[in-house]
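Descriptive structure summary
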Amino acid sequence: MKFTKMHGCGNDYVYFDCTEQNIPDETAAAIALSDRHFGIGGDGIIIIKKGTKAEFEMVMYNADGSRGAMCGNGIRCVAKYVYDHKLTQNTSISIESMGAVKYIDVTVEDGEVVSAKVDMGAPILECSKIPVLCEGERAISVPITVDGTEYKMTCVSMGNPHAVVFIDYSPKDFPLERVGRLFENNKVFPDRTNTEFIFVQDRKNLEMRVWERGSGETLACGTGACASAVAGMLNGLCDNDVTVHLLGGDLQISWSGKDSDSVFMTGPATTVFEGEIKL
């Protein structure tokens, strides 16, 4: 099968055009192909299909073979793929993932997409819908003890669950490998969680490292950047338009602060290489 390796801010996946073909065992393919030593290497695989609720459907698998509901970096790359490969001529593209439809506006230079702005929808803040087991309707700066240390977390869902933790130093020095894994599998998260550790540089700049459920640390997480910006605004730490600095690059996030309003994310989408592999 033909594949395309793509990334958004270093958050890399192996993409398959399945508008005319199918992968027999998607879970097994995700596990095998994501391996950076024995496979192609990536944070998972993303399968592009014809949509029923939108023009296209994105089917995302994490590196451990688990399904992912949404990937902000991945959906920008899907928009780039379908435009660059002439599956659509539209620069405003609708893509569904696990039933949720997102709308993407792409920026084209010399016939190819270089960046995309995604309407990520309104953030989900109710504990029961995220989900997180917490007293009260929302989890905003609530204490959680992990590995003997108390943290304050703000929980947000952008189609997948996030626990955002603000720290007072650069997350580059944070013990993410140990603490991130413990957050992911903490009993207060029934479906596990993605966890972002954020240093507020100033009201317009957030520095972020992320531990993604099912993949471990990744260089970027689009939904995580959105959740972190929302959490920063809810805690009065940043403005409504912020730049989130990730290990793999920068994302621009904007949100009005109103529960019913969409979060918008703008960032790059890059093709690395194409090839063929026998499944």
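You'll find the structure just up there.
A few points on the structure. Bear in mind that the values here come from a model prediction, so they are computed numbers and not experimental data. (Residues numbered from 1 in each chain as written. Predicted model: local features only at pLDDT ≥ 70, side-chain atom pairs only at ≥ 80, totals over all residues. Heavy atoms only, no water.)

Our next topic: the pattern of salt bridges. Two side chains of opposite charge can pair, provided their charged atoms sit close to one another. Tallied over the full model, the rule gives 14 salt bridges. D259 is paired through a salt bridge with R138; the nearest N and O atoms lie 2.2 Å apart. Here the residue D259 occupies a position in the loop between strand 16 (249–254) and strand 17 (264–268), and R138 occupies one in the loop between strand 8 (112–119) and strand 9 (142–146), the gap between them amounting to 121 residues. Note that R203 is salt-bridged to D239, the shortest N-O span being 2.8 Å. On the criterion of sequence distance, the pair formed by R203 in the loop between strand 12 (194–202) and strand 13 (205–212) and D239 in the loop between helix 4 (222–234) and strand 15 (241–246) is long-range, its members being 36 residues apart. A single salt-bridge network, built from bridges that share partners, covers K5, D12, R36 and D43. (Salt bridge = Lys/Arg side-chain N within 4 Å of Asp/Glu carboxyl O. Helix = DSSP H or I, 4+ residues; strand = E, 2+ residues; numbered from the N terminus.)

Take unusual backbone geometry next. Among all residues except glycine, the phi angle is most often negative; among peptide bonds, the trans geometry is most common. That bond from I130 to P131 is cis: its omega, -5 degrees, falls within 30 degrees of zero. Structurally, P131 can be placed in the loop between strand 8 and strand 9. The phi dihedral of D110 falls on the positive side, at around 55 degrees, and the residue is not glycine. Within the secondary structure layout, D110 lies in the loop between strand 7 (100–109) and strand 8. According to the relative accessible area criterion, D110 is exposed, its value standing at 81%. Look at S141: it is not a glycine, yet its phi comes out positive at around 55 degrees. (Buried < 20%, exposed > 50% of the residue type's maximum accessible area, 1.4 Å probe, protein only.)

This brings us to the environment of A116. Its location among the elements puts A116 in strand 8. Put simply, A116 and N160 are 44 residues apart on the chain and 20 Å apart in space, counted from C-alpha to C-alpha. Not counting residues within four places of it along the chain, the set of residues in contact with A116 comprises R76, I104, D105, V106, M265, T266 and G267. (Contact = heavy atoms within 4.5 Å.)

Before going further, it helps to examine the environment of E137. Within the secondary structure, E137 sits in the loop between strand 8 and strand 9. For the pair E137 and M265, spaced 128 residues apart in the sequence, the C-alpha separation amounts to 26 Å. Not counting residues within four places of it along the chain, the set of residues in contact with E137 comprises L125, E126 and C127.

On to the side chain of T223, then. In this structure, T223 sits in helix 4. Residue classification places T223 among the buried residues on the basis of a relative accessible area of 1%. Once residues lying within four places of it in the same chain are set aside, the contact partners of T223 are M70, C71, G72, M120, M158, N160 and H162.

So, about helix 3 (residues 176–184). Because the α-helix completes a turn every 3.6 residues, residues three or four places apart line up on one side. Residues of helix 3 that are buried: L176, V179, G180, F183 and E184. Axial view of helix 3: buried residues confined to an arc of 140 degrees, hence all on one face. Tucked inside the fold, the buried residues of helix 3 contact strand 9, strand 10 (149–157), strand 11 (161–166), strand 12, strand 13 and strand 14 (216–218). (Arc of directions from axis to C-beta.)

As for its position among the elements, S157 is in strand 10. Only 3.4 Å separates the side chain of S157 from the backbone oxygen of N160, close enough to count as a polar contact. (Polar contact = N/O pair within 3.5 Å; in protein donor to acceptor, adjacent residues only side chain to side chain.)

A few words on the environment of M1. Here M1 shows up in the segment before strand 1 (2–8). A relative accessible area of 23% places M1 in the partly exposed class. For the pair M1 and L279, spaced 278 residues apart in the sequence, the C-alpha separation amounts to 7.2 Å.

Turning our eyes to something else, we now look at the packing of aromatic side chains. Any two aromatic rings considered together are summarised by their centre-to-centre distance and by the angle between their planes. Per the counting criterion, the structure on display carries 6 aromatic pairs. Arranged with centres 5.9 Å apart and planes meeting at 85 degrees, the rings of F3 and F273 form a pair that is edge-to-face. Taken together, the residues F3 in strand 1 and F273 in strand 18 (residues 270–276) connect sequence positions 270 residues apart. The ring of F264 is capped by K117, whose NZ or CZ atom sits 5.1 Å from the centre of that ring. (Phe/Tyr/Trp six-rings, centres within 6.5 Å; stacked < 30°, edge-to-face > 60°. Lys NZ or Arg CZ within 6 Å of the ring centre and 35° of its normal.)

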